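Residue-level listing of the chains:
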Amino acid sequence: MKLIGIGIGAAESLSLGAWEQMRAAGQLVLQTGRIPLADWLREQGICFETLDAFYEQAEDFEELVTLALAHLRKMSDAALCLMGELSQHKLAAALAAEGLVEEILPGMGFGEAALALCAGACSPGAVLCCPASEFEQSGFTGDSGLVLTELDNPYLAAELFSALSRFYPADAPCHLVHMGRRVDLPLRDFPSFPDFDYSTALVLDKPVFEQKACYDFSDLLAVIARLRAPDGCPWDREQTHESLRTCLIEECYEVLEAIDAGDEFALADELGDVLLQVVMHAAIAGEHGQFDALDVADGICRKMIRRHPHIFGDTAVKDSGEVMKNWEAIKRQEKAQKSLAQSLADVPAGMPALIRAQKIQKKAAQIGFDWENYEGALEKVREEIEELCAALAGAGDAQEEAGDLLFSAVNLLRKLGIEAEPALLAACRKFADRMAKMESLAKEQGQDLAKMPLTEQDALWNQTKKCKKS
């Protein structure tokens, strides 16, 4: 018996050698007569029989093979035409195991045949071909066309649609190939196709980058690379580490504002802007052969692993306090810091003063230089107030004493577990809100707040405080 591969069952995927063997066969058997190839053979006047009756009788594929084998044993001189990869076909394997196969003419696999049937509907270029059930593990990134085979049930189709939605919009054109025929439809409609079986394949063109349904980190790298290319955006190409310095600071503050506002959508948006700054700096460095975004990701992963030995090692910790103690110890070791002075000098001078003060105080506290409780810190604030008063009276430097007062106030907040920067920002917002309310109350009284005497302004201030409390 000769085995002839007929791909997906379309005449277009039939090789010349296969056609000659089929035409010369004394007995020709097709796997099924429900394919375009069967109609074409009838037009050519070629007689054949099919295995369709066994498909109808069998409860499963194992029974089908048993029934078909019993029939084909009587047809040792026949040419049997099977769809798909003959090396993976169970019926072909069963015939070979019984020694009934004399010659094999391999044909196209389902993926190759489906792609051939969709020629012209897909752009030329690289194509990823794999079973539909393995798509999630395929590593598809959207950089190529896609052929998914063995789409044999609607449940798999529904799962596949969800996975593909990361790369394609719902109205993206797709092509279902089933029993040698192509059906063109939008992606959203393919899961409702009524006749999925082992021969069904889904063919999709390479995603249009500007129309992707969902972008990931690799896409962001591609966007920045395009913007920084010689024919890219003039503004983006002009940027340097120095020119972007202020942008990074501004974006960080906008993140803080979104956090303070409790706006999760704004937070996601602003975090994206910060990520953009990171990728831009990495792209600039990469252009100079220094490092790239993958180096940045590699570095932070290694740092987090090193500094969490209680997670990625066998170090035991009691609480978050010990975690931070270990963190600082590992950090000092990494930076070869052998003294407190080196550790304090490592705190960036460009930090906002309140944050820098609190960070310096925390480092000092780690070696035991700290008040036992907040009362000591509170008493120090009182002492600094007295020294500032003395300086204002001429016994000292008022600016120096004012700085000491602020530093001691930050220390008090630290002992109380309060972050100084957000606390002061909240006070600023509260002050601005009350001033706006005062101005509104003044207008209601037909007055200009700026022209009111201080006593009346103070009365409005107290009124706004009462309104807030009520």
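First, a word on scope: everything that follows refers to the structure included in this document. Source: prediction; values computed, not measured.

Rules behind the numbers
- Residues numbered from 1 in each chain as written.
- Predicted model: local features only at pLDDT ≥ 70, side-chain atom pairs only at ≥ 80, totals over all residues.
- Heavy atoms only, no water.
- Axes fitted to C-alpha atoms, helices over the stretch in contact; angles between N-to-C directions.
- Helix = DSSP H or I, 4+ residues; strand = E, 2+ residues; numbered from the N terminus.
- Parallel < 35°, antiparallel > 145°, perpendicular 65-115°, else oblique.
- Left-handed = near helix turned anticlockwise from the far one by under 90°.
- Contact = heavy atoms within 4.5 Å.
- Pairing = 2+ DSSP bridges.
- Salt bridge = Lys/Arg side-chain N within 4 Å of Asp/Glu carboxyl O.
- Buried < 20%, exposed > 50% of the residue type's maximum accessible area, 1.4 Å probe, protein only.
- Core = buried A, V, L, I, M, F, W, Y, C linked by side-chain atoms within 4.5 Å.
- Disulfide = S-S within 2.5 Å.
- 1 Å grid on protein atoms, 1.4 Å probe; cavity = no way out; pocket = protein on both sides within 12 Å on 5 of 7 lines; lining within 4 Å.
- Points joined across faces, edges and corners; volume = space filled by probe spheres on them.
- Nonpolar A, V, L, I, M, F, W, Y, C, P; charged D, E, K, R; others polar.
- Arc of directions from axis to C-beta.

It is worth spelling out the packing of helix α8 (residues 217-228) against helix α11 (residues 264-287) at this point. Between α8 and α11, the shortest axis-to-axis distance is 10 Å and the interhelical angle comes to 55°. The orientation of α8 relative to α11 falls into the category oblique. The two elements α8 and α11 meet at a crossing, and its hand is right-handed. When α8 is examined against α11, the residues Phe-217, Leu-220, Leu-221, Ile-224 and Arg-228 are found in contact with a partner set consisting of Leu-275, Leu-276, Val-279, Met-280, Ala-283, Ile-284 and Glu-287.

Before going further, it helps to spend a moment on the sheet that holds strand β5 (residues 103-105). Taken together, 5 strands build an open sheet; the order of strands is β3-β2-β4-β1-β5 and the sheet is parallel. The outermost strands of the open sheet, each flanked by one partner alone, are β3 (49-50) and β5. Sheet analysis places strand β1 (residues 2-5) next to β5, joined by 3 bridges and oriented parallel. The partner of Lys-2 across the bridge, within β5, is Glu-103.

A few words now on the pattern of salt bridges. All told, the structure shown has 20 salt bridges when counted by the stated rule. As a salt-bridge pair, Asp-39 and Arg-181 come within 3.5 Å of each other at their nearest N and O atoms. Pair noted here: Asp-39 is in helix α2 (residues 36-43) and Arg-181 is in strand β9 (residues 181-186), with a separation of 142 residues, a long-range link. Taking the relative accessible area as the measure of exposure, Asp-39 reaches 36% and is therefore partly exposed. Judged by its relative accessible area of 37%, Arg-181 falls in the partly exposed class. Lys-318 is the partner of Glu-322 in a salt bridge, and the nearest nitrogen-oxygen pair spans 3.8 Å. In this structure Lys-318 comes out as exposed when scored by relative accessible area, which is 73%. Taken together, the shared-partner salt bridges connect Asp-39, Arg-42 and Arg-181 into one network.

With 5 of 5 residues buried, strand β7 (residues 145-149) is to be regarded as a mostly interior element. Residues Gly-145, Val-147 and Thr-149 point to one face of β7 and Leu-146 and Leu-148 to the other, with burial holding for every one of them. Judged from the 5 bridges that link them, strand β6 (residues 127-131) and β7 form a sheet pairing that is parallel. From the neighbouring strand, Pro-131 faces β7, where its bridge partner is Thr-149. Inspection of the sheet shows β7 paired to strand β10 (residues 201-204) by 3 bridges, in the antiparallel sense. Of the residues in β10, the one forming a bridge with Leu-146 is Leu-204.

Before going further, it helps to spend a moment on the nonpolar core. With 30 residues, the main nonpolar core has Ile-6, Met-22, Leu-28 and Leu-41 as its most contacted residues. Looking at this core, the elements that each hand over two or more residues are α1 (16-24), β2 (28-30), α2, β4 (79-82), α6 (110-117) and β10. For this core, the leading source of residues is α6, giving 4 residues. Excluding anything up to four places from it in sequence, Leu-41 contacts Trp-19, Met-22, Leu-28, Leu-30, Ile-46 and Phe-48.

Here we come to the sheet that holds β10. A sheet is described by the order of its strands in space; here 5 strands give the open sequence β6-β7-β10-β8-β9, paired in mixed fashion. Here the strands that pair on one side only, and so sit at the sheet edges, are β6 and β9. Taking the axes of each pair of neighbouring strands and ignoring which way they run, one obtains an average angle of 20° across the sheet. The sheet contacts of α6 involve β6, β7, β8 (173-178), β9 and β10, and relative to β7 the element is tilted by about 130°.

Right, let's talk about the state of the cysteines for a bit. All told, the structure shown has 0 disulfides when counted by the stated rule. Cys-130 provides the cysteine sulfur closest to Cys-129, a residue in no disulfide bond, and the two sulfurs are 6.9 Å apart. For the unlinked cysteine Cys-252, the closest cysteine sulfur is that of Cys-247, found at 11 Å.

This brings us to empty space enclosed by the protein. Within this structure, the stated rule accounts for 2 cavities of 30 Å³ or more. For the largest cavity, the calculated volume is near 50 Å³. No other element matches helix α4 (residues 61-72), which puts 4 residues into the lining of the largest cavity. For the lining of the largest cavity, the class distribution of residues is 7 nonpolar, 2 polar and no charged. The space that makes up the second largest cavity amounts to roughly 30 Å³. As for the second largest cavity, its lining consists of Leu-115, Cys-122, Ser-123, Ala-126, Val-127, Gly-145, Leu-146, Leu-204 and Asp-205.

Locating Glu-136 in the fold gives a position in the loop between β6 and β7. Classification of Glu-136 as exposed rests on a relative accessible area of 59%. Sequence-wise, Glu-136 and Ala-163 are 27 residues apart; in three dimensions their C-alpha atoms are separated by 7.2 Å.

Attention now goes to α1. When α1 is considered as a whole, its buried residues turn out to be Ala-18, Trp-19 and Met-22. All buried residues of α1 lie within an arc of 100° about the axis, which places them on one face of the element. Away from its buried face, by an angle of more than 90 degrees, α1 presents the exposed residues Leu-16 and Ala-24. Where the residues of α1 are buried, they touch β1, β2, α2, β4 and β5.

The next thing to look at is the environment of Ala-377. Position of Ala-377 relative to the elements: it lies in helix α17 (residues 374-392). The exposure class assigned to Ala-377 is buried, which follows from its relative accessible area of 0%. On a C-alpha basis, the gap between Ala-377 and Ala-266 in space is 38 Å, while along the polypeptide they are 111 residues apart.

What follows covers the pairing of β4. Burial along β4 is two-sided: Ala-79 and Cys-81 and Leu-80 and Leu-82, pointing in opposite directions, are all buried. Bridge count for β1 against β4 is 4 bridges, and the pairing is parallel. Note that in β4 the partner of Ile-4 across the bridge is Cys-81. Looking at chain direction, β2 and β4 are connected through 3 bridges and run parallel. Note on β4: the bridge partner recorded for Val-29 is Leu-80.

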